[in-house]
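Listed below are the residues making up each chain.
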Amino acid sequence: MRAVMILAAQVQVRMMKNLLILGLVAIAALVSPQLSGSMAFAQAEPARGPIAQRLSVEGNQRIEEATILSYMVVRVGQPYNPAMIDLSLKTLHNTGLFSDVQILPEGGVIIVKVVENPIINRIAFEGNNKLTDKNLDEEVQLKPRKVFTRAAVQKDVTRVLELYRRSGRFAATVEPKIVQLPQNRVDLVFEINEGPSTGVDRIIFIGNKNFSDATLRSKIATAESSWWNFLQSNDNYDPDRLTFDREQLRRFYLANGYADFRVVSAVAELAPDRSGFYITFTVDEGDLYAFGKVDIESSIKDIDKDRLMSLIKIEPGETYNAELIDKSIDALTILAGEKGYAFVDIRPRVKRNREDRVVDVVFKIEEGPRVYVDRINIVGNTRTLDKVIRREIRLSEGDAFNRVLLNRSRSRIRGLGFFKKVEITEEPGGAPDRTNLNVEVEEQSTGELSVSAGFSSADSIVGSFSLTEKNLLGKGQFLRLQLQVSGERQQIDLRFTEPYFLDRNLSAGVDVYSTRTQVDESFYEADLIGGGLRLGFPTSEFGRLGLRYSLRQENYDYDLDGLLANVNASRTAQGQPTLSFSNPADAATIDAVLGSYIRADGQQVLFSVLGYTFIYDERDDPIEPRAGYRFSVSQDLAGLGGDKHYLKTEVNGDWYQRIWGDDFVLTTSLAAGHIMAWGDDILEPTDRFLKGGGSFRGFKTSGVGPREINSRSYQGGELFAIGTLELSVPNFLPEDLGIKTSIFADVGTIGLIDDLPVGNCTGVNTACVQDDLSLRASVGVSVSWNSPFGPVRLDFSHVLANEDYDETETFRFSAGTKL
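Residues numbered from 1 in each chain as written. Predicted model: local features only at pLDDT ≥ 70, side-chain atom pairs only at ≥ 80, totals over all residues. Heavy atoms only, no water.

## Re the pairing of strand β11 (residues 345-353)
For a regular strand, side chains alternate in direction, first toward one face of the sheet and then toward the other.
Step number 1: Alignment of β11 against strand β12 (residues 358-366), held across nine bridges, turns out to be antiparallel. Bridge assignment links Asp-345 to a residue of β12, and that residue is Glu-366.
Step number 2: Taking the residues that link successive antiparallel strands as the turn, the β11-β12 hairpin has four residues, and the phi of Arg-357 there is positive, at about 55°. (Pairing = 2+ DSSP bridges. Helix = DSSP H or I, 4+ residues; strand = E, 2+ residues; numbered from the N terminus.)

## Here we look at helix α9 (residues 322-338)
Step number 1: The terminal C-alpha atoms of α9, which comprises 17 residues, lie 25 Å apart, in line with the 24 Å expected from a rise of 1.5 Å per residue.
Step number 2: For α9, the complete set of buried residues consists of Ala-322, Leu-324, Ile-325, Ser-328, Ile-329, Ala-331, Leu-332, Thr-333, Leu-335, Ala-336 and Gly-337.
Step number 3: Where the residues of α9 are buried, they touch α7 (239-255), β10 (290-298), α8 (305-309), β11, β12 and α11 (403-415).
Step number 4: The N-cap residue of α9 is Asn-321: its side-chain oxygen and the backbone nitrogen of Glu-323 are 2.9 Å apart. (Expected span 1.5 Å × (residues − 1). Buried < 20%, exposed > 50% of the residue type's maximum accessible area, 1.4 Å probe, protein only. Contact = heavy atoms within 4.5 Å. Polar contact = N/O pair within 3.5 Å; in protein donor to acceptor, adjacent residues only side chain to side chain.)

## Things to note about unusual backbone geometry
Step number 1: Notably, Asn-184 is not glycine yet its phi reads approximately 55°, a positive angle.
Step number 2: Notably, Leu-502 is not glycine yet its phi reads approximately 60°, a positive angle.
Step number 3: Its place among the elements puts Leu-502 in the loop between β19 (489-498) and β20 (507-519).

## Digging into the pattern of salt bridges
Step number 1: Enumeration according to the criterion identifies 36 salt bridges in this entry.
Step number 2: Here Arg-480 and Asp-493 are joined by a salt bridge, their closest N and O atoms 3.6 Å apart. Placement of the pair is Arg-480 in strand β18 (residues 477-485) and Asp-493 in strand β19, with a sequence separation of 13 residues.
Step number 3: The class for Asp-493 is buried, based on a relative accessible area of 7%.
Step number 4: With a shortest N-O distance of 2.8 Å, Asp-617 and Arg-619 are connected by a salt bridge. Taken individually, Asp-617 and Arg-619 each receive the classification buried, so the pair is uniform in this respect. (Salt bridge = Lys/Arg side-chain N within 4 Å of Asp/Glu carboxyl O.)

## Some details on the sheet that holds strand β9 (residues 276-284)
Step number 1: The three strands lie next to each other as β7-β9-β8, forming an open sheet whose pairing is mixed. The sheet is open, and its two edges are formed by β7 (199-206) and β8 (262-270), each paired on a single side. Each neighbouring strand pair of the sheet contributes to a mean axis angle of 15°, computed without reference to strand direction.
Step number 2: Looking at chain direction, β7 and β9 are connected through seven bridges and run parallel. Across the sheet, residue Gly-199 finds its bridge partner in β9, namely Gly-276. (Axes fitted to C-alpha atoms, helices over the stretch in contact; angles between N-to-C directions.)

## Things to note about the confidence of the model for the protein
Step number 1: Here the protein shows a mean pLDDT of 80. Residues at 70 or above account for 83%.
Step number 2: Per-element mean pLDDT across the protein ranges from 45 in helix α1 (residues 2-31) up to 94 in strand β29 (residues 719-729).
Step number 3: Considering only residues more than four positions removed or in separate chains, one finds that residues 24-45, a stretch of pLDDT under 50, has 16 contacts. (pLDDT = per-residue confidence, 0-100.)

## A word on the packing of aromatic side chains
Step number 1: Summed over the entire model, instances satisfying the criterion amount to 15 aromatic pairs.
Step number 2: Pairing Phe-418 with Phe-419 gives two aromatic rings, centres 6.1 Å apart and planes at 70°, and the pair type is edge-to-face.
Step number 3: On the basis of relative accessibility, which here comes to 4%, the residue Phe-418 falls in the buried class.
Step number 4: A relative accessible area of 4% places Phe-419 in the buried class. (Phe/Tyr/Trp six-rings, centres within 6.5 Å; stacked < 30°, edge-to-face > 60°.)

## Points about the nonpolar core
Step number 1: Counting 28 residues, the largest nonpolar core has Ile-314, Tyr-320, Ile-325, Leu-332, Phe-363 and Ile-365 as its most contacted members.
Step number 2: Here this core takes eight residues from α9, the largest share from any one element.
Step number 3: Once residues lying within four places of it in the same chain are set aside, the contact partners of Leu-332 are Ile-296, Leu-308, Leu-311, Ile-312, Ile-346, Phe-363 and Ile-365.
Step number 4: If you look at the next biggest cluster of nonpolar residues, it comprises 23 residues, including Val-57, Ile-68, Met-72 and Val-101. (Core = buried A, V, L, I, M, F, W, Y, C linked by side-chain atoms within 4.5 Å.)

## A closer look at the sheet that holds strand β1 (residues 54-58)
Step number 1: Taken in spatial order, the three strands make up an open sheet running β1-β3-β2, and their pairing is mixed. Looking at the sheet topology across the chains shown, the edges are occupied by β1 and β2 (98-106). Along the sheet, successive strands turn relative to each other by an average axial angle of 15°, direction set aside.
Step number 2: Judged from the eight bridges that link them, β2 and strand β3 (residues 109-116) form a sheet pairing that is antiparallel. By the bridge assignment for β3, Pro-105 is matched with Ile-110.

Set out below in structure tokens:
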């Protein structure tokens, strides 16, 4: 029934169209009475011929007889002629409702015989693997419950073939087939043979004299097909990509001084066997130009011209580079935005002097009206509440427009980690001095339930269970329950954070955790149970202060037998008798060497820690920074109740700087810390700083710094300072793979033990720590991959400076797999 209703609606639309056509014909007849005799029915004189006494319809199944007769020019009781019969026949054919129409006049009776086109019941695709049914269904125009026509089917075949050609499969074939069903219905099946992918056999350049073919190939998106590079996806012919390649070549030449460059033609030829394309670029390089005079004509009175000139990236005499003009426009636009001019018009006037081969550039800056924010519209947030996004926007409705604050808003929204894409665009508002801001976001998954397993060269087998929600109920709240197990550490913790406590820019959180740490190098196990409260608030646009309080209980269990075994190994090496816990005569010597461990073994410690962290962050992007810096300082004071008393201080700083574009980014990092006991307290190794592994590459975890020479146990350091230089470099792999490469250099020191004797100990009857506080250094290459199986990181290191008692490593691997 629904199909009949749809069909009736389609018929009514076609009927209205035909009546409109007839009306236009009648008007034309009145204006031009000289029309052909074949249109005699439309002339001023009435038609001559027999009178139609009755109209009869045969063969119709779904379409009403009255609907069919409405398309007829012939009317009952009126004369008709062959021209009118012919026009009626054409009109019925043009409706698309019938596969065959016959009009048989028999005296005064006119019989209309029709064969209706079937209705499509279902559309199916067979043989498609590279393109999904959804992709194909979106492309074809025929749908279920529409009228089947061969012309419409052929158009859809052409559309499907074009879709395959755009995906690089020019050998694809499509054959439509129909399956007859009762009640004049059909299933339409597109049988597809996708054929092999049609690659690019060769890319040829003609006319290039200053740059090689290989150089130009590296500048375009299309690549030649090769059997070994099976990961690339741009080695097929795509007309749209070819247009993009032309623009890429133009940009490359303009950035290298060739102001007259043009692409004469870009032709793609399919090989006779349809196996691949030969793409030929014909270019005209032109002459090499240099910059000439550079000037600014500005109508903005609020900004000094010298201030504007200082932002120009161009020096007269240097090779012409169109990218420097674009960068200068961006810098001038940002400065104008800081002054409140949102729609400032900056146009570079470029004048070529072909005789001297120089280009003069004048930046003309037109003063636009001061603009205010009219409305802020947020779209795309299907789950996140509007207020979560609005509270990160540094502009309010009614404020003067400021581009710096606009960019800052985008960075803050992106830093939430809730969105895959964040874009803020401007459009004219309700008045000439008003602008609307459209914040468009694309949400990504913020919840995760995962079980992971992996292997680390530092921690051996690693496993974890994690239930995390970073955007709880769309309110921006953070909740995590996590269980981690590794060779040295087992931890379970529950963490909750409310970023805007009491609807104020005040974060509040609570933590509950339990940790067991086993450090073989130090021969101890430590069980920690605790909980804490956190509070944070901004001190400025870029600064934030976090306060915290925690109450903890620790239990220490030392492997005294392992410690004594190491001591006996040292004594044996020096020709001294071994010691035994069962021998009363050895008690005094054992106490001198291992007394601090024996007294700490099995000890239960309850203590509280009050601390703060101050962070100042002016990075250009919180996810992938390429410019700016981040600084933090934190202190923890233990002793306001409890058994431990110390003050622990840490300072960290990171600076990011672009070296060559966005591919080469230099990161300079410095980390330093100091801990000191107060009162009569003595620090345990777990209280001191443990470095190595990821924090100091080239050294094993807890493998750098002071060691007790007899037990060979790692003691940790009360002071450390580590600096890092790391340069990200391109690896020429597709960005979609998520593989990043960098080279690094780490240098630093760790040491300063006050609780145990330090020096070049030769005796084996007392505890003694090797602590030189000397510089260590390492260099290497780091490769990270955000793989589908979890994060993977490879560090290849070479140690340049170390002490004999340090434990080094040349390769560090860590990976995780989500099960």
